[in-house]
Amino acid sequence: MGSVFSVSISGDALITQGCTYIAHQAGYLRGLANKLDDLRSALNELEAVRNDVQRRVDVAEHGGNVKRLDLVQAWLKSVDDSLSEARALIEAANENNGCFCVTVERYKFGKRIVNKKGQLTELASKGVSFDVVGERLATKPATLRPSEPLVGVETKFEEIWRCFEDDNVGVIGLYGMGGVGKTTLLTEIHNKLARSTIGFDYVIWVDVKRNQTLDEVQVSIGKKLGLDEVMLASKNEHDKYEDISRILNGKKFILLLDNLWERFDLLKAGVPHPNEDNGCKILFTTRSEILCGQMEAHKKIKIGCLDPDKAWELFCNKVRDDAVVNHPDIIALAKSVVNECGGLPLALVTVGRAMASKKTPQEWCHAIATLQRSASEFSGMEKEVLLLLKFSYDSLPNEAIKACLLRLALHPESSEITKGSLIREWFWCAEGLQSDHDAVDYVHRGYDIIGTLLSTCLLEQAADDERYVRMHDVVRDMVLWVSSECGKQKNTYLVEPELGLQKVPGVGKWNNARVVSLMYNKIEEITEEPVCPNLEELRLGHNSLKKIAPGFFSSMGALRVLDLSHNKNLTELPLEVCQLVSLENINLEFTGIRRLPVELRKLVKLKVLDITGTSQLTVIPRNVLSSLSALRALRMASCGSTNQMQEDNVISGGNELLIDEVRQLSNLIVIDLTLRSDRAFSLFLSFKDLMICTKALCIQRLKDSTSLDIMFFEVAKNLEWLYISDCENLASLSITTQTETQNSNASGTIIGRGSTIKQWPCFKKLLVIEVRRCLRLKDLTVMCFAPNLEFVEIMFCEGLEKVLATADLVGSGGETPTPFAKLRMLWLVKLPQLTSICDETLPFPVLNKVIVLSCPRLKSLPVNSRRAEGPKIKMWTEENWWNGLQWENEATANTFATDFDTSSFFKDKSQIRL
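These numbers come from a predicted model, not from an experiment. Along each chain, the written sequence defines residue order, and numbers are assigned to residues from 1. In keeping with the model being predicted, local features are shown solely for residues with a pLDDT of at least 70 and side-chain atom pairs are shown and tallied solely at 80 or more, while totals for entire chains, interfaces and linings include all residues. Calculation of side-chain values draws on the structure's entire complement of heavy atoms; hydrogens and water are dropped beforehand.

1. Description of the overall build of the protein chain
Only DSSP runs of H or I with at least four residues qualify as helices, and only runs of E with at least two residues qualify as strands; both kinds are numbered from the N terminus onward. Scanning the protein chain for helices and strands turns up 26 helices and 36 strands. For the protein chain, the proportion of its 914 residues judged to be buried stands at 52%. Method for areas: the Shrake-Rupley scheme with a 1.4 Å probe, in which residue coverage is limited to the protein chains shown. Entry remark: accessible area of the protein chain is about 42,400 Å², with carbon and sulfur atoms responsible for 48%. Each residue is assigned to one of three classes by its accessible area relative to the maximum for its type, calculated with a 1.4 Å probe on protein chains only: buried under 20%, partly exposed between the two thresholds, exposed over 50%.

2. Some words on the pairing of strand β3 (residues 171-175)
Among the five residues of β3, five are classified as buried, and the element is accordingly described as predominantly covered. Neither face of β3 is left uncovered, since the one carrying V171, G173 and Y175 and the one carrying I172 and L174 both have all their residues buried. Between any two strands, at least two bridges found by DSSP are needed for them to pair. Taken together, the five bridges between β3 and strand β6 (residues 281-286) define a ladder with parallel strand orientation. When the bridges of β6 are listed, I172 appears paired with L283. Pairing analysis gives four bridges linking β3 to strand β7 (residues 299-302), with the strands arranged parallel. Bridge pairing in β7 links Y175 to K302.

3. Section: the side chain of T877
Summarising the element assignment, T877 is placed in strand β35 (residues 873-877). You can call T877 buried: its relative accessible area is 0%. Pairing of N or O atoms within 3.5 Å defines a polar contact, subject to two protein rules: one partner must be a possible hydrogen donor and the other a possible acceptor, and residues neighboring in sequence count only if both atoms are side-chain atoms. One polar contact links the side chain of T877 to the main-chain carbonyl oxygen of V852, over a distance of 2.7 Å.

4. A look at the environment of S638
Looking at where S638 falls in the secondary structure, it is placed in the loop between β19 (633-635) and α22 (656-662). Separated by 26 residues in the primary sequence, S638 and T612 have C-alpha atoms spaced 6.0 Å apart. For S638, the contacting residues outside a window of four places in its chain are G613, T614, S615, T674, C698 and W721. Residue contacts follow a heavy-atom distance rule, with two residues in contact if any of their heavy atoms lie within 4.5 Å.

5. Considering the packing of aromatic side chains
Stacked, tilted and edge-to-face pairs are distinguished by plane angle, under 30 degrees for stacked and over 60 for edge-to-face with tilted covering the rest, among Phe, Tyr and Trp rings (Trp via its six-membered ring) whose centres lie within 6.5 Å. The tally for this structure, following the rule as stated, stands at 21 aromatic pairs. Look at F315 and W364: their rings are 6.1 Å apart centre to centre, the planes differ by 75°, and that puts the pair in the edge-to-face class. Here F315, found in helix α12 (residues 308-319), pairs with W364, found in helix α16 (residues 361-373); they are 49 residues apart in sequence, far enough to count as distant. For the pair F315 and W364, one class covers both residues: buried.

6. Overview of the sheet that holds strand β8 (residues 416-418)
An order of β8-β10-β9 is seen for the three strands of this open sheet, with the pairing classed as antiparallel. With partners counted over all chains shown, the strands left at the sheet margins are β8 and β9 (460-461), one partner each.

7. Topic: the sheet that holds β3
The strand order across the open sheet built from five strands is β4-β5-β6-β3-β7, with neighbouring strands paired in parallel fashion. Bordering the open sheet on either side are β4 (202-207) and β7, each of which pairs with just one other strand. For this sheet the average axis-to-axis angle between neighbouring strands, irrespective of direction, equals 15°. Against the sheet, helix α5 (residues 154-164) makes contact with β3, β5 (253-260), β6 and β7, and its axis sits at roughly 170° relative to β7, the strand it touches most. Axis lines are fitted through C-alpha atoms, for helices just across the contact stretch, and the angle between N-to-C directions can take any value from 0 to 180 degrees.

8. Observations regarding the environment of N339
For N339, the position within the fold is in helix α14 (residues 331-340). Judged by relative accessible area, N339 falls into the exposed class, the value being 55%. In the structure, N339 is positioned 28 residues away from A311 in sequence and 8.5 Å away in space, judged by C-alpha atoms.

9. Quick word on the confidence of the model for the protein chain
The score called pLDDT rates the predictor's confidence residue by residue, from a low of 0 to a high of 100. Confidence in the prediction for the protein chain averages 85 pLDDT; 87% of positions are at 70 or higher. Every residue in residues 738-750 scores below 50 in pLDDT, and together they form 24 contacts with partners more than four places removed in sequence or on other chains. Confidence over residues 752-756 falls short of pLDDT 50; this stretch has 13 contacts with residues more than four positions distant or in other chains.

10. Quick look at the packing of α14 against α16
It is the contact of α14 with α16, at a shortest axis distance of 9 Å, that shows an interaxial angle of 20°. Comparing the axis directions of α14 and α16 gives the class roughly parallel. For the pair α14 and α16, the crossing hand works out as left-handed. Across the interface between the two elements, L333, A334, S336, V337 and E340 of α14 pack against P361, W364, C365, A367, I368, L371 and Q372 of α16. For this scheme, ten residues count as nonpolar: Ala, Val, Leu, Ile, Met, Phe, Trp, Tyr, Cys and Pro. Four count as charged, namely Asp, Glu, Lys and Arg, and the remainder, Gly too, count as polar. For the contact of α14 with α16, a count of residues per class yields nine nonpolar, two polar and one charged. Angles below 35 degrees are treated as roughly parallel, those above 145 as roughly antiparallel, those between 65 and 115 as roughly perpendicular, and all remaining angles as oblique. Crossing handedness: left-handed means the near helix sits turned counterclockwise from the far one by under a right angle, and right-handed means the same turn made clockwise.

11. Regarding unusual backbone geometry
Phi at E498 takes a positive value of approximately 50°, unusual for a residue other than glycine. Relative to the helices and strands, E498 resides in the loop between β11 (493-495) and β12 (515-517). In this structure E498 comes out as partly exposed when scored by relative accessible area, which is 47%. For F796, which is not a glycine, the phi torsion comes out positive at approximately 60°. As for its placement among the helices and strands, F796 is situated in the loop between β29 (791-795) and β30 (802-804).

12. Re the nonpolar core
Buried Ala, Val, Leu, Ile, Met, Phe, Trp, Tyr and Cys residues that are joined via side-chain atoms within 4.5 Å together make up what is termed a nonpolar core. Core analysis: the largest hydrophobic core is formed by 128 residues, its most contacted members being L255, V271 and F315. Excluding residues within four positions of it along the chain, F315 makes contact with A334, V337, V338, L348, V351, G352, M355 and W364.

13. Considerations on the state of the cysteines
Disulfide assignment relies on a single distance test, namely cysteine sulfur atoms paired within 2.5 Å. What the rule picks out here adds up to zero disulfides. Here C797 is not disulfide-linked; the sulfur of C774 is the nearest cysteine sulfur, at 5.2 Å. Look at C797 and you get buried, because its relative accessible area is 0%.

14. Looking at helix α18 (residues 399-409)
Along α18, nine of the eleven residues are buried, which leaves the element largely enclosed by surrounding structure. For α18, the set of buried residues is A400, I401, K402, C404, L405, L406, R407, L408 and A409. Looking at where α18 begins, the residue whose side-chain oxygen comes 3.1 Å from the main-chain nitrogen of A400 is N398.

15. So, the side chain of E528
Turning to its location among the elements, E528 is positioned in the loop between β13 (525-526) and β14 (537-539). Within the buried set, E528 has no salt-bridge partner at all; the shortest N-O distance to an opposite charge, 5.6 Å, is to K503. With sequence-adjacent residues up to four places away left out, E528 is seen in contact with V504, V507 and F552. Charge convention: Lys and Arg are scored as positive, Asp and Glu as negative, and His as well as the terminal groups of each chain are ignored. Take a side-chain nitrogen of Lys or Arg and a carboxyl oxygen of Asp or Glu: if they are within 4 Å of each other, that pair is a salt bridge.

16. Description of the pattern of salt bridges
What the rule picks out here adds up to 43 salt bridges. For E425, the salt bridge is made with R539, and the minimal N-O distance between the two is 3.2 Å. Of this pair, E425 sits in helix α19 (residues 419-434) while R539 sits in strand β14, and the two are 114 residues apart along the sequence. Just as E425 is buried, R539 falls in that class too. The salt bridge involving K778 is made with E801; its shortest N-O contact spans 3.9 Å.

17. Here we look at helix α15 (residues 345-355)
Across the eleven residues that make up α15, a large majority, nine, are buried. The secondary structure elements touched by the buried residues of α15 are α12, α14, α16, α17 (381-394) and α21 (473-483).

18. As for the packing of α17 against α21
Two elements in contact, α17 and α21, have axes separated by 9 Å at closest approach and are oriented at 85°. Considering the angle they form, α17 stands roughly perpendicular to α21. Along the contact surface, α17 presents M381, E382, V385, L386, L387, L389, K390 and Y393, while α21 presents V474, V475, D477, M478, W481 and V482. Tallied by class, residues from the contact of α17 with α21 come to eleven nonpolar, no polar and three charged.

19. Description of the environment of G451
Within the secondary structure, G451 sits in helix α20 (residues 442-455). Judged by its relative accessible area of 31%, G451 falls in the partly exposed class. Counting along the chain gives 161 residues from G451 to I290, while the straight-line C-alpha distance between them is 9.5 Å.

Set out below in structure tokens:
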């Protein structure tokens, strides 16, 4: 059974409600044009309200430290959506000319217009009701970041902080190798700013990731300014620019960018450029000095590794066990471990934490051995240190730069090598052997590569000589680790230099080797026969090799580079070497090799042959060198010879046959020569192409020449090293050039003796001059025309009276050259008639080593108290001679009492060994 109920409605009321409903619905059908006009009016009104609200938001945010209300942001979004929909309705009506033939369609469209108009009216009413559109943020949104205590970089911190007080410094770049502590410094700077009242409206920290886009950096900056992250992400780059610049313009901010890898145009991001007027600062960290320039840094600050005391302090902080590091049997070992880290804070922290639990000397010894042999195997080093440094390696622009870096990694830890030597090694052992392009400019290219490696902090300048570079030990570990495919291919690079080895590593290690470097060890004999079919480079230089067993080279069919240099007791080149037809580079410099085998001519791919300083070498069979048609570099300065002329030996007599042999080598771009007769020298001067290729030239035993005209340098324009010795009748080095004398115009006049030279010659490439046993030589004034000389050695020239007779030089309408402006070393030995080094005082801005021995008539040095700032000059001389020197005045004497290092003085001549 169910309940029954009833509803009573009067007939009139029902009829009235029905008519009202029908009239309302019919209204959607009537007056469509009027409704569209109403919609347009509502749209225009809402746009006006929206613009007013947006203007209020912009003004508030421009004032700084204000964030728009979420309610306002939601309203603005709804307005934009509704306006778009209204415009679409109007456009649809326009397309149909307001004509909807079907009554149902007309009804539905009219209803949508009425509803949309109501929605717009409601939104406009709500927009007018906003009393507040934003909320004020804290003045300093910066919060403290987790940090480590500063160790050893306190002075750098103070230097950075001073930049904030300098109105002329707006952009500051901190650069240094990975793991050196740049982020730690930046964090400490940030935290001090967050705590201080220095007056910045905004302190903004941005972690910059590799390959990050400008758009992503804008989002990071905007978030720190209080902008909504979702809203930012939805905007294009220009809109983000508008938002950021609206807030930062007129405000004092500091932007901290950590770990920049490439240039960012911060102006495009909306960040105003710091200047003296706005007082803003941008501080960034990077591994590249080049990037500091690209970011237009007003101040570049290099962050280097820690000195030994601070490194020890940081290490002990991480070990945290005084009983361990102060243990009498451990403390020396612990300091060795610290030394292996090379002052790199990240390595010190990683190794320190790993050693915190090591209590016995044996464990510490194992740690040292592991770090020396293969740092990647030490706990934490691969993941926390080497991978971090690998980012710098991976960011190098090309493989040629990486190859140059690898060259230095094959040398012992902490090795310093001249830039020139590194360039030669890179080009002749790697780059030059892999390409057939014209390599005349390889030196310039090499210096550019070294500059890149220095700027990225993968190489370091030597502390006391800018000509030398070195590689940090941990960087070297990283390079070798990367070369072995991040440790996946063990022993592909078998690199164990300067470890005191007395025999080569076991043959089992050679199986997969591509490169073996055993330089600077104590290996005397090789008895093993390794199997290494993939070996491409073998470096055995700087050992004590006497004998290499037959069969050692038998499986090295792929060998391209062989270095046996500086093995003075190695007297024979194994004939097996002549079977290695893939060889492209053989280095035999300063070995005891006595002859080159005729079989050497089989090495038709050979591009580099170096026999420099092989003083025991007496035989190079005829047609051997000329058969090496691929040769690009032949270095044989100061190599031996036999005085007796032999028809089948090109280094006999005065080396006349040698000139005829090497001039046939059409691919040569570098040659170092030794010439031992007037005829050989004349032959050399007759071959222009040969002269242009010459880098080093030894001229010896000229018997007929009384004067040597060095104007041939103008053809031999690449000459860097000149050695002259045992020229018994040579009285002068001269320059034949156009001159004017008091009596007549002449050509072919020797410099000096009051002549006026119209145009000074200039031999810019010449770096080294050595002169020995030229007994009649009076002076070497021609050195004035080599402005880049770095080393001068004059020994056993008994007739030499002056080094530079500059008083005899008279220029026509121009200044006389300033000699020795780049001289670093000056050796003067056994010159009994020498009375003067130069007729005038010289600045010697970079001179740092001087030897003066057995020069009794030399009573003064050409220096005065106004000597330019430069390195301390280390002197090797007799103490009595030094004490008898005459100085220009007391001020000069006082200056050089401290400017010269006299620790190497000899008490008397009995101590001297010449």
